[in-house]
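# Architecture at a glance
Take a look at the letters that make up each chain.
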Amino acid sequence: MTKKLTDIIKEYPDAVRTEKPLIHHITNYVTVNDCANITLAAGASPVMADDPEEAEDIVSLASALVINMGTLNKRTIESMITAGKAAKKKNIPVIFDPVGAGAGTLRNETAARILKEVRPSVLKGNVSEILFISGVSSGAKGVDVSENDKNIREEIICEKIKKLALKTGCVVAATGEKDIISDGKRVIYVENGHRMMSDITGTGCMTTSLTAVFCSVSNDLLLGTAAGILYMGLAGEKAFNEAGNRGSGSFRTALIDQIYNTSRKNIEENAKIFER
Ligand SMILES: Nc1ncnc2c1ncn2[C@@H]1O[C@H](COP(=O)(O)OP(=O)(O)OP(=O)(O)O)[C@@H](O)[C@H]1O
Ligand SMILES: Cc1ncsc1CCO
Ligand SMILES: [Mg+2]
């Protein structure tokens, strides 16, 4: 089974480089530049456009839409809903990262509204955000995973994700030390990555951008999502070996370099992706 998954996913980077899909982002102002650069590093083309007046025009040119609620405000909520609905109408995959869900009323209500009104194709967040949306009260204080949620048993997270996928109609992914992805029936685990990835902000946001990139060239959103998470995890491991000893700034640069230099050999030799 592992072989089959990697055999499919290892074709995606070349497809991206051939197709150069446009990825529309409505995202946060903390990590926006990293998201644009990781999208380019993967061979796709980013456009960041978050005004309600142009949301529909821009998304109609795109091959995928990222909705990331990291620095939410009333103006961008309107853009997220408008662009999200327009994308769904045109069958463009919508990847929703509910950054900070659980941290306050505006975020919680907006996440619920986007799920209901847009019906995203993929819901991808860290384990605290996904558990909160699935109804487990989260200990998270902001945009990072809580210590409490890190210790929740894998089988419990898996069950919650499967149920949430069936309820929302989304492919659901929860990231952390181990990443779990499900469409409600199949469940994929990715065990690549490095703990230094949580020492910089934006590894989750960049993973969401890569998920959008690969979903735009895949006809299977479960595998497109798994690919975004897998390639980020593989890049994290190599970036740590190359630059981890220099510190978190160098690690961040090395991560983008690793996506730029993604190789078939790396996925063939090092992917830890399983379907159970
Ligand atoms: N301890 C860890 N070991 C291995 N990989 C990790 C670890 N923590 C995070 N990762 C990887 O880092 C990436 C980001 O995951 P994380 O859950 O930290 O996202 P996030 O909290 O949404 O990040 P941000 O909001 O800062 O962008 C994922 O690809 C995940 O697999
Ligand atoms: C630190 C931070 N605050 C809002 S968004 C963001 C980036 C990572 O999610
Ligand atoms: Mg995040």
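Residues numbered from 1 in each chain as written. Chains lettered and ligands numbered in written order. Predicted model: local features only at pLDDT ≥ 70, side-chain atom pairs only at ≥ 80, totals over all residues. Heavy atoms only, no water.

### Some thoughts on empty space enclosed by the protein
The final tally for this structure, using the stated rule, is 1 cavity of 30 Å³ or more. What lines the largest cavity is Pro13, Arg17, Ala42, Phe214, Tyr231, Ile259 and Thr262. Looking at side-chain class alone, the lining of the largest cavity contains 5 nonpolar, 1 polar and 1 charged residues. (1 Å grid on protein atoms, 1.4 Å probe; cavity = no way out; pocket = protein on both sides within 12 Å on 5 of 7 lines; lining within 4 Å. Points joined across faces, edges and corners; volume = space filled by probe spheres on them. Nonpolar A, V, L, I, M, F, W, Y, C, P; charged D, E, K, R; others polar.)

### Notes on the layout of surface pockets
Space inside the largest pocket adds up to approximately 1,300 Å³. Those elements giving two or more residues to the lining of the largest pocket turn out to be strand E5 (122-126), helix H7 (127-133), helix H8 (147-150), helix H9 (154-168), strand E6 (171-175), strand E7 (179-182), helix H10 (203-215) and helix H11 (221-243). Among the elements that take part in the lining of the largest pocket, H10 stands out by supplying 4 residues, more than any other. When its residues are assigned to classes, the lining of the largest pocket shows 14 nonpolar, 18 polar and 14 charged. (Helix = DSSP H or I, 4+ residues; strand = E, 2+ residues; numbered from the N terminus.)

### Remarks on the site of ligand 1
Taken together, 16 residues lie around ligand 1, and Asn126, Thr175, Asp179, Gly204 and Cys205 are the ones closest in. Within the backbone of Gly176, a nitrogen or oxygen atom sits 3.3 Å from an oxygen atom of ligand 1. Within the backbone of Gly204, a nitrogen or oxygen atom sits 2.9 Å from an oxygen atom of ligand 1. Taken by itself ligand 1 offers 630 Å² of open surface, and the protein chains cover 91% of this. If you map ligand 1 onto the pockets, it falls in the largest pocket. (Near = heavy atom within 4 Å. Polar contact = N/O pair within 3.5 Å; in protein donor to acceptor, adjacent residues only side chain to side chain. Areas by Shrake-Rupley, 256 points an atom, 1.4 Å probe, with all protein chains shown as cover. Sits in = over half its atoms within 2 Å of the grid points.)

### Some details on helix H2 (residues 12-19)
Residues separated by three or four positions in an α-helix point in the same direction, a consequence of the helix having 3.6 residues per turn. For H2, the full list of buried residues reads Tyr12, Pro13 and Val16. Mapping the buried residues of H2 onto a view down its axis gives an arc of 100°, with all of them on the same face. (Buried < 20%, exposed > 50% of the residue type's maximum accessible area, 1.4 Å probe, protein only. Arc of directions from axis to C-beta.)

### A look at H10
For H10, with 13 residues, the first-to-last C-alpha span of 18 Å sits near the 18 Å given by 1.5 Å per residue. The element H10 is largely enclosed, with a buried count of 12 among its 13 residues. Those residues of H10 not exposed but buried are Thr203, Cys205, Met206, Thr207, Thr208, Ser209, Leu210, Thr211, Ala212, Val213, Phe214 and Cys215. (Expected span 1.5 Å × (residues − 1).)

### With respect to the UniProt feature "binding site: ATP" (unreviewed entry) in the chain
What UniProt calls "binding site: ATP" (unreviewed entry) maps, in this numbering, to Lys124 and Thr175. Look at the named residues: they lie 52 residues apart in sequence, but the longest C-alpha span between them is just 7.7 Å, so in the fold they bunch up. Among the residues just listed, Lys124 and Thr175 line the largest pocket. Among the secondary structure elements, Lys124 is positioned in strand E5. Once residues lying within four places of it in the same chain are set aside, the contact partners of Lys124 are Phe96, Asp97, Pro98, Ile130, Ala173, Thr175, Gly204, Thr207, Thr208, Thr211 and Ile229. Here Thr175 lies in strand E6. The exposure class assigned to Thr175 is buried, which follows from its relative accessible area of 14%. (UniProt positions renumbered as here; feature names shortened; annotations may be inferred. Contact = heavy atoms within 4.5 Å.)

### Describing the UniProt feature "binding site: substrate" (unreviewed entry) in the chain
UniProt feature "binding site: substrate" (unreviewed entry): in the numbering of this structure it lies at Met48 and Gly202. If you take the residues mentioned a moment ago, the ones lining the largest pocket come down to Gly202. Secondary-structure assignment places Met48 in strand E2 (residues 45-48). Residues contacting Met48, with those up to four places away along its chain left out, are His25, Val32, Cys35 and Ala36. Here Gly202 lies in the loop between strand E8 (187-190) and H10. With a relative accessible area of 8%, Gly202 lands in the buried category.

### Some details on the packing of aromatic side chains
Summed over all chains, the structure comprises 2 aromatic pairs. Taking 5.1 Å as the distance between ring centres and 35° as the angle between the ring planes, the aromatic pair formed by Phe214 and Tyr231 counts as tilted. Residue Phe214 is found in helix H10, and its partner Tyr231 is found in helix H11; the two are separated by 17 residues along the sequence. According to the relative accessible area criterion, Phe214 is buried, its value standing at 3%. Among the residues examined, Tyr231 registers a relative accessible area of 4% and is labelled buried. Cluster of aromatic residues (ring-pair linked, three or more members): Tyr12, Phe214 and Tyr231. Here the guanidinium or amino end of Arg276 rests over the ring plane of Tyr189, the centre of that ring lying 4.4 Å away. (Phe/Tyr/Trp six-rings, centres within 6.5 Å; stacked < 30°, edge-to-face > 60°. Lys NZ or Arg CZ within 6 Å of the ring centre and 35° of its normal.)

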